[in-house]
Each structure stands twice: as C-alpha cells, then as structure tokens.
Amino acid sequence: MPEVLEHMKRLIEEDQQWDNLLFARITYNKQRLAYLYHSRNEKEVDLLMHETMHLIDHIDWASLEPMKKEEVVGSWEDVNSSRISQRDIHIALNNLACILADIEQSEESAKLFRQLQDSGYVLNGYAFSKYIYSIWKSEGLGGVREVMVANKSFEFPELTKHSPTLVEIGDQI
C-alpha cells in the first residue's frame, strides 16, 4: 500500500490545475486514512482527518457541474473522464464516509452522510448501513431510532448484511 499511496500522491502533485484534483484528493485521503488506521498511527489519522474535513468544508459546489453526461460505468470513456461534477464528488464523499465508519471515525462519518443526504444524494443499502453504524457509535440508540424512522427505505435485517455488528442492537430498535 505505501507504494500505491506514493503513486497517488505524485499524481496529485503533478498538476494543480488537473480537472480531477478534488476527486483524486478525496480518494487519496480516504485510502491513506485506512492505511494509517490499520498501521495504528492515531496521530497521523487525526491530522489527516482534520485536513480532509477542512478540504470538504471548503468545496466550492457552485464551481462543479451539477451533473455530467451519463456514461457506461467501467467503460474506457468512464475511466478516462473528468470527475468534476457534483455527482462525482458526492460519490467520493460517500466512499470516504463508508471508510470513516470502518476506521471508527463515527462522528465524521455521520456528518458526511448527513451532508450527502441534505444535498439530495441517495444512499444505497451498503452506505446506509455504514451511516446507521456511525450514528450508533457516535449518538447511541436514540439517534439510530430517529434515522431509521426518517428513512424507511431499508429494513433493519438488510442493513446487518452489510454491517454485521448492527445485529447487536437489532432487538432495541
């Protein structure tokens, strides 16, 4: 992983005017956070978390295209396309929020999931299970109940498929 992260870092540093810079930075930070967490480097996780949340808080949404043209996901056109639409950045933030849940950064994860939902982004079952997990860890069962009542899109047993530790609170919801 260190070599992969180094290549990603060099790519980001190569051109500060690159269209995909914001998407790449969010993706790089997500991967680096996971690596640092698994390396048990708490100080670096905290520093990178602060840097990442600062980056997110200062996104200029108005400068991003509302939507890019629909492409076939996984096509060469998709792989080589620009990632400067609001949808693309929402996807990067969704992926970051899921990783934050996995690395026990529950408050930040829940905050990002709320931002995504407030902006109209619809969470899939996997992301919603990570959101519920983050709410549970940061706000307790009361917060989980509120979110579950407000979002009737998913049944609780479906969420435990993606986040098995949620089974622990199943009887209390």
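Rules of the game
Residues numbered from 1 in each chain as written. Predicted model: local features only at pLDDT ≥ 70, side-chain atom pairs only at ≥ 80, totals over all residues. Heavy atoms only, no water. Helix = DSSP H or I, 4+ residues; strand = E, 2+ residues; numbered from the N terminus. Rg over C-alpha atoms; globule rule 2.2 N^0.38 Å. Buried < 20%, exposed > 50% of the residue type's maximum accessible area, 1.4 Å probe, protein only. 1 Å grid on protein atoms, 1.4 Å probe; cavity = no way out; pocket = protein on both sides within 12 Å on 5 of 7 lines; lining within 4 Å. Points joined across faces, edges and corners; volume = space filled by probe spheres on them. Nonpolar A, V, L, I, M, F, W, Y, C, P; charged D, E, K, R; others polar.

Draft legend 1. Fine view of the overall build of the protein. Counting its regular elements, the protein contains nine helices and zero strands. What you see in the protein, going N to C, is helices and strands ordered as α-α-α-α-α-α-α-α-α. The C-alpha radius of gyration of the protein comes to 17 Å, within 12% of the 16 Å expected for a compact globule of 173 residues. By principal-axis analysis of the C-alpha atoms, the protein measures approximately 50 × 40 × 30 Å.

Draft legend 2. Highlighting unusual backbone geometry. The backbone of R40 sits at a positive phi, close to 65°, despite the residue not being glycine. Positionally, R40 belongs in the loop between α2 (21-38) and α3 (42-57). Positive phi, normally seen in glycine, also occurs at E104, with a value near 65°. Inspection of the secondary structure assignment puts E104 in the loop between α5 (86-102) and α6 (106-118). A relative accessible area of 42% means that E104 is categorised as partly exposed.

Draft legend 3. Local environment of the layout of surface pockets. A volume near 290 Å³ is recorded for the largest pocket. Lining the largest pocket we find 13 residues, and of these K9, E13, Y28, N29 and E51 sit closest to its centre. Of all the secondary structure elements, the ones that give two or more residues to the lining of the largest pocket are α1 (2-14), α2 and α3. Counting residues per element, the lining of the largest pocket draws most heavily on α1, which supplies six residues. Counted by class, the lining of the largest pocket contains five nonpolar, two polar and six charged residues.

Function cannot be read off these values alone, since they describe shape.
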